[in-house]
Amino acid sequence: MDSPAANAAFAKQININFPLLSDMNHKMLASYGILKGYDVQNETYKWALRANIVIDKEGVIRLIEEGDSAVDPNTALTACSTLHKKDTSK
């Protein structure tokens, strides 16, 4: 849900070098089921469940990690590295 600038600052803060998706219009968040809402006084507030989603070059989802464990980007980084090794071994 954050802007590209906010995601870039967050990536720098946690020392990762792969892109973080900015989905300010919430289309991807809704399609992957990680856009959540809660009602307060007849108004719905939206928030995104933290998630790491690794998608390979063919568009196949290789990893979905949600919730507290998704705060650690190492799982996504490991999955990406594993996919990269498979690609180069062809």
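Here is a short report on the structure shown in this document.

### Here's the deal with the environment of S22
Reasoning step 1: On the secondary structure map, S22 appears in the loop between α1 (4-13) and α2 (27-31).
Reasoning step 2: Classification of S22 by relative accessible area gives partly exposed; the value is 24%.
Reasoning step 3: For the pair S22 and M1, spaced 21 residues apart in sequence, the C-alpha to C-alpha distance is 6.1 Å.
Reasoning step 4: Dropping the residues within four chain positions of it, S22 is found in contact with D2, S3, P4 and N7.
Reasoning step 5: From its side chain, S22 meets the backbone oxygen of D2 in a polar contact 2.6 Å long.

### Here's the deal with the packing of aromatic side chains
Reasoning step 1: Within the structure shown, the criterion is met by 1 aromatic pair.
Reasoning step 2: Measuring from centroid to centroid gives 5.7 Å for Y38 and Y45, while their planes differ by 25 degrees, and the two rings are stacked.
Reasoning step 3: Of the residues examined, Y38 reaches a relative accessible area of 44% and is grouped as partly exposed.
Reasoning step 4: The class of Y45 is partly exposed, set by a relative accessible area of 36%.

Conventions and cut-offs
- Residues numbered from 1 in each chain as written.
- Predicted model: local features only at pLDDT ≥ 70, side-chain atom pairs only at ≥ 80, totals over all residues.
- Heavy atoms only, no water.
- Helix = DSSP H or I, 4+ residues; strand = E, 2+ residues; numbered from the N terminus.
- Buried < 20%, exposed > 50% of the residue type's maximum accessible area, 1.4 Å probe, protein only.
- Contact = heavy atoms within 4.5 Å.
- Polar contact = N/O pair within 3.5 Å; in protein donor to acceptor, adjacent residues only side chain to side chain.
- Phe/Tyr/Trp six-rings, centres within 6.5 Å; stacked < 30°, edge-to-face > 60°.

These figures come from the coordinates and say nothing about function on their own.
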